[in-house]
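Observations on the model geometry
Okay, here's what each chain looks like letter by letter:
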Amino acid sequence: MLQNLFSITLVEKLRSLVFTSVKELSLTPNYGNQLGGQSVSVEILNDDDINLLAFNITCTFDNIEASVYPISSTTILAIMPSLNRAGYIPINVQFQEGPIIWSFTEDFYSVPFLEASDFEMVTEEGGLLIKQGQSIQLLWNKEILPSVLWDPSSYDITVEIWTFDSTLGKLTDEHVLWYSYGNSGMVNTSVDLGSKSDIFPIIFQIHPNLNPNLNLNSRIWSGIAYYTSLDDFRLSDQCAQWSIGEHIKNSAPYCPKEESDILLANSQYVLHKMVTAGTYKDQYIAYFYPGASNCYHSRMFTPEGYMKVCCYDNTGKLLASRNHDGSGRIIRYPPGGPFTESLTSYFLEDVLPYIFCCKTRHCDNFFLLRPPDYGEAYDSKALLQENTLGAVYGDPHIMTFDHLFYTVNLKGEVYLVETEDESFTLQGRFEQILSAPATVMTALVVKSEGSPKVEFYSLNNTLEVLVESTCYMIMVNVTLEYKCMVNLNRELADERAWENLRVIGDGTRTKVIFPNGAIIDVRESHGFLAVVLLFVPESLKGRTRGLMGTHSDTTIDDLLPRYENKSVSVGASAETIFSTFAKTWFVRSEDSLFSYVLTNQKWSDFYDSSFYPVLRANLNPKTKELATSLCGDLPECIFDYIVTRPSLLDYNTTTSVQESLQLWQVTRSFNSELRQYGVSSGY
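All figures in this text were calculated on a predicted structure; none of them were measured in a lab.

Right, let's talk about the nonpolar core for a bit. A general tendency of soluble globular proteins is for nonpolar side chains to be buried together. In terms of nonpolar packing, the biggest core is built from 67 residues, with Leu138, Trp140, Ile199, Ile202, Phe204, Tyr226 and Phe288 touching the most fellow members. Here this core takes 9 residues from helix α5 (residues 339–358), the largest share from any one element. Beyond its immediate chain neighbours, meaning those up to four positions away, phenylalanine 204 contacts Phe119, Met121, Ile130, Ile136, Leu138, Glu160, Ile161, Leu177, Val191, Ile220, Trp221 and Ser222. Ranked by size, the runner-up nonpolar core spans 45 residues in total, among them Leu463, Leu529, Val536 and Phe581.

A few words now on the confidence of the model for the protein chain. Averaged over every residue, the pLDDT of the protein chain is 77; the share at 70 or more is 74%. When pLDDT is averaged over each element of the protein chain, strand β26 (residues 412–419) comes out on top at 96 and helix α1 (residues 2–19) at the bottom at 36. Note on residues 336–341: pLDDT is under 50 here. Beyond four places in sequence and across chains, it has 11 contacts. In the predicted structure, residues 646–661 sits below a pLDDT of 50 and forms 19 contacts with residues beyond four places in sequence or in another chain.

The next thing to look at is the pattern of salt bridges. This structure, assessed with the given rule, holds 20 salt bridges. For aspartate 521, the salt bridge goes to lysine 511, with nearest N and O atoms at 3.7 Å. With aspartate 521 in strand β35 (residues 519–525) and lysine 511 in strand β34 (residues 509–513), this pair connects stretches of sequence that are 10 residues apart.

A few words now on the pairing of strand β9 (residues 100–111). Of all 12 residues that make up β9, 10 are buried, and the element is covered over most of its length. Pairing geometry for strand β2 (residues 31–33) and β9, over 3 bridges, is parallel. Its bridge partner lying in β9, glycine 32 is registered against serine 110. Two successive antiparallel strands, strand β8 (residues 87–97) and β9, enclose a turn made up of 2 residues, where glycine 98 displays a positive phi of approximately 65°.

Attention now goes to the sheet that holds strand β7 (residues 75–79). An order of β1-β3-β7-β6 is seen for the 4 strands of this open sheet, with the pairing classed as antiparallel. Here the strands that pair on one side only, and so sit at the sheet edges, are β1 (25–28) and β6 (67–70). With direction set aside, neighbouring strand axes in the sheet form an average angle of 25°. Pairing between β6 and β7: 4 bridges, direction antiparallel. Following the sheet pairing, proline 70 is matched in β7 by isoleucine 76.

Cut-offs applied
- Residues numbered from 1 in each chain as written.
- Predicted model: local features only at pLDDT ≥ 70, side-chain atom pairs only at ≥ 80, totals over all residues.
- Heavy atoms only, no water.
- Core = buried A, V, L, I, M, F, W, Y, C linked by side-chain atoms within 4.5 Å.
- Buried < 20%, exposed > 50% of the residue type's maximum accessible area, 1.4 Å probe, protein only.
- Helix = DSSP H or I, 4+ residues; strand = E, 2+ residues; numbered from the N terminus.
- Contact = heavy atoms within 4.5 Å.
- pLDDT = per-residue confidence, 0-100.
- Salt bridge = Lys/Arg side-chain N within 4 Å of Asp/Glu carboxyl O.
- Pairing = 2+ DSSP bridges.
- Axes fitted to C-alpha atoms, helices over the stretch in contact; angles between N-to-C directions.

Here you go:
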């Protein structure tokens, strides 16, 4: 009995730990170069009784032990070790208090060193090719270690060059450039590694010179550069040799002409991270994809087994020309994988040919053999061949899976989609816009069979994404297991796998791909979830119900009230649709899937069945003229403008006006987006 009571007491303590905050560890920063050396401040949250200064603490990164240094009773400094893999890895902090082994875990992003750059390097020609004897300038933040512990001027530094052996597939030789150099944040030097018969990658490392007994091997790394002693004539000759027997035909998958299309089809394309991550981005793009703003590579292979890169300028237009060395191209090996597996092949098959040809004024030959995609063959409706689209947007307007359009301004938590067997459920939360007689969506939760629950929140103009996980507490001979929510909001745009989910996001827009083939695409704007796209697979056809309709290839049964088998007519008045159909889809308190961990609120704080919105917009000639000038002939856009703007303007704040404008702008732009899928607004 005493043992059971103790377990119950501990479980209650666990619950208080979990539900007073989203995570148990705070990591600053929560990412670091895969090569190691990043100083990470690790703070334990949610327990004021813990004093880390009193315990022997173990900290591991992906089960590799890190050196640690105590900062306060709740915070330690951990130095990231060199890791064998990139991507999301666990950081674990563990110590023993009496019979209990406390174990705290949080995700940390190990940035593939292909994508990482901790400091800037400036070459004579402004590129990434460093020729023998050329001068180079290195610029870094002097606080290699946190200033709370060490004054940057109290230690000097060592600058080294590491070379990459393309045969072994790893960093090898170490060359010291400067030793005991003052930590000024800048050094000018030259690079001479002798005469070589080829080009090979190099990387610079800077580390502070500290007492080795401290075991704090902090260090920072540059991005990849390329060293050669070959002149342009010999590089050009290498281009000619590469050209013999090299030819790849342009084939599917194809590039969209507009970047907006590729964002919509992000289940088929992913950011080409080699040129889109960190401070290295601008320098790398300027060298390998000049003129491009963003590049993406296809998830699907061409028939020959290659991948397609699509690049877009700052207006979102596809770069595609044999005369433009920033054009997208076919690549044999995409970057971003573990360097022991992918760097060698990517360097030999994709990087070197580009340098040999395009940096010696033979880029037309390169693109003759690696042709750019001109966007002519891309079909923007292809995604709908595999999935059916439904949407919620603006003030909330709903497009059902069978493309019935209507507006619903409920206040509280609602069923957007559910299946009778509960294998797929999507619940939304609608909140009132200040004092306006209208609502917007502020939160979503999705539960799909065979995968963890996912929640989306608009908080402080940021899209927060939570994924349900399993946490553990280890006691003597006992392991307790409980559910917790892990926050996936990241400082880096990234793609990750979470158990059997694929999550792609950047803080304002996140897409989750579920095992059953469903895809949800959520975008935050000005404090609300502005656009939610839900693509459902063929397996859910005829099985859905809720505010997003009964997916059956006809709109006649889309307005089916809950617990009834007769649908409200699609021609019914807005009042009838609201009271007879929409209000039946409120979520009851006991059925809510929301965890309420971010705001410490409860179901009753949002539910208001007495709320009655404006269902028809009254237009005077002057207001109608202004609304039409902004919205064109889109009725739902005009509705958003008329209903929300006067109330918000009463507050006389710029933010309120911006929120009002954002509603109708979201509605207007989303209608343009729908046309790319071959769907027209049904209002």
